Amino acid sequence: MTASSDGVWAPAGRNVGADPAVYVTTVRHSGVPVGIAWMDTSRLRFALYAGTSEPIGSWSNDGSVPRNLWGSLVAAMNSGFRLNQSLGGWYLDGVAAVPLRDGAASLVIYRDGSATVGEWGRDVALTASVVAVRQNLSMLVEVGAPTPAVDTPNPKQVWGAPFHGNVLTWRSALGVDAAGHLLYVAGPSMDPKTLAAAMVAAGARRAMELDINPLWDNFDTFSGVGAA
């Protein structure tokens, strides 16, 4: 696990066993303050939760973490766009609330609680071990480099419509490093190219954009008594 020279990793959230499983840092990339979180996929159990208004249906994870899990909750993060804007699907409890799309950037969660990020149909696919999938747009980073899509002349069309039409806005992304651990990145005044470059600098081999604009980019950690 590495960070750029202007950032120092610090443990965040409650320990898993005797040691931290989440580390955070803040760096400056292209003059923009960027927050980064690193998550140990071998010691955390990831879960996808439905929103309070979508997708339609009855879900085991219904928009709020059950009280009996509060003592083991380490972190929570935002998801992607509303489903009618994500250009991808949503899968939980053996049901695709929105059909999964080949080529879509996908967060995939497995039965053992581990997770990864990849392109659906190439890096990841629906197998018996997959319990949840959240798709959002196309890949932001592949093979440790920004995808050609970050240089699109129409970023608002490809990467979401920011408030007031300003391409420079809060953006968040989720990626996976060479060891298979997850990385979350978020910061203000970012365009897709800056977001992708920040992900690469953090060590991501593959990454996807999540939500954009103020209020909707959040990574929260939880501490206190409780065994994870």
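What you see is a predicted model, and the numbers here were worked out from it, not measured in a lab.

**Q** Before we go on, may I ask you to explain the overall build of the protein chain in this structure?
**A** From N to C terminus, the protein chain includes 2 helices and 15 strands. Computed over C-alpha atoms, the radius of gyration of the protein chain comes to 17 Å, within 12% of the 17 Å expected from 2.2 N^0.38 for 228 residues, which places it in the range of a compact globule. Oriented by its inertia axes, the alpha-carbon framework of the protein chain measures out at about 45 × 40 × 30 Å. When burial is assessed residue by residue, the protein chain has 45% of its 228 residues classed as buried. Taking contacts inside the protein chain between residues at least 6 apart in sequence as the whole, the part at least 24 apart equals 61%. Carbon and sulfur atoms provide 55% of the accessible area of the protein chain, an area that totals close to 10800 Å².

**Q** Honestly, the sheet that holds strand β5 (residues 90-92) in this entry has me stumped. Any pointers?
**A** Strand-to-strand pairing in sheets goes through backbone hydrogen bonds, with the strands running parallel or antiparallel. Strand order in the open sheet formed by 5 strands is β6-β5-β9-β7-β8, and the pairing between neighbours is antiparallel. Both outer strands of the open sheet, β6 (95-98) and β8 (115-119), are each paired with one neighbouring strand and no more. Going across the sheet, the axis of each strand differs from the next one's by a mean of 25 degrees, ignoring polarity. As judged from the 5 bridges shared by strand β7 (residues 105-110) and β8, these two strands associate in the antiparallel manner. Looking at the pairing, valine 108 lines up with threonine 116 of β8.

**Q** Mind showing me how you'd approach the environment of valine 24 here?
**A** When you line up the elements, valine 24 lands in strand β2 (residues 22-29). Classification of valine 24 as partly exposed rests on a relative accessible area of 26%. Remark: the alpha-carbon pair of valine 24 and alanine 12, spanning 12 residues in sequence, is separated by 6.4 Å. The residues contacting valine 24, other than those within four sequence positions of it, are Val8, Trp9, Ala10, Ala12, Ile36 and Ala37.

**Q** Explain unusual backbone geometry to me, please; I cannot follow it from the model alone.
**A** In the segment running from glutamate 54 into proline 55, the intervening peptide bond is cis, with an omega of 0 degrees. Within the element layout of this structure, proline 55 appears in the loop between β3 (32-39) and β4 (75-77). In this structure, asparagine 213 takes a positive phi of about 80 degrees despite not being glycine. When you line up the elements, asparagine 213 lands in the loop between β14 (204-212) and β15 (219-221). Classification of asparagine 213 as buried rests on a relative accessible area of 3%. Phi is positive for leucine 215, which is not a glycine, with a value near 80 degrees.

**Q** Could you clarify how one ought to interpret the pattern of salt bridges in this entry?
**A** Pairing of side chains with opposite charge becomes possible as their charged atoms draw close. Scanning the model with the defined rule gives 7 salt bridges in all. The residue arginine 122 makes a salt bridge to aspartate 123 at a minimum N-O spacing of 2.8 Å. By relative accessible area, which is 33% here, aspartate 123 ends up partly exposed.

**Q** Help me understand a nonpolar patch on the surface, please; the structure alone is not making it clear to me.
**A** A contiguous nonpolar surface patch, about 360 Å² in accessible area, is contributed by Phe163, Leu215 and Trp216. Relative to the assigned elements, phenylalanine 163 resides in the loop between α1 (155-159) and β12 (169-177).

**Q** Got a minute to help me understand the sheet that holds β12 in this structure?
**A** Taken in spatial order, the 8 strands line up as β1-β2-β3-β13-β12-β14-β10-β11 in an open sheet, and their pairing is antiparallel. At either margin of the open sheet sits one strand with a lone partner, and together these are β1 (10-11) and β11 (145-146). Both β12 and strand β13 (residues 182-190) contribute to a ladder of 7 bridges, which runs antiparallel. Each bridged residue has a counterpart across the sheet, and for glycine 175 the counterpart in β13 is leucine 183. In this fold helix α2 (residues 192-202) packs onto β2, β3, β10 (139-142), β11, β12, β13 and β14, with an angle of close to 145 degrees to the strand it touches most, β13.

**Q** Would you take a moment to explain the pairing of β6 for this structure?
**A** Where β5 meets β6, 3 bridges bridge the pair, whose relative direction is antiparallel. Bridged to tryptophan 90 within β6 is valine 98. The loop that links β5 with its antiparallel partner β6 comprises 2 residues; one of these, aspartate 93, has a positive phi angle of about 60 degrees.

The rules behind each value
- Residues numbered from 1 in each chain as written.
- Predicted model: local features only at pLDDT ≥ 70, side-chain atom pairs only at ≥ 80, totals over all residues.
- Heavy atoms only, no water.
- Helix = DSSP H or I, 4+ residues; strand = E, 2+ residues; numbered from the N terminus.
- Rg over C-alpha atoms; globule rule 2.2 N^0.38 Å.
- Buried < 20%, exposed > 50% of the residue type's maximum accessible area, 1.4 Å probe, protein only.
- Contact = heavy atoms within 4.5 Å.
- Areas by Shrake-Rupley, 256 points an atom, 1.4 Å probe, with all protein chains shown as cover.
- Pairing = 2+ DSSP bridges.
- Axes fitted to C-alpha atoms, helices over the stretch in contact; angles between N-to-C directions.
- Salt bridge = Lys/Arg side-chain N within 4 Å of Asp/Glu carboxyl O.
- Patch = residues over 30% accessible without salt bridge, like charges linked within 9 Å, V, L, I, M, F, W, Y side chains within 5 Å.

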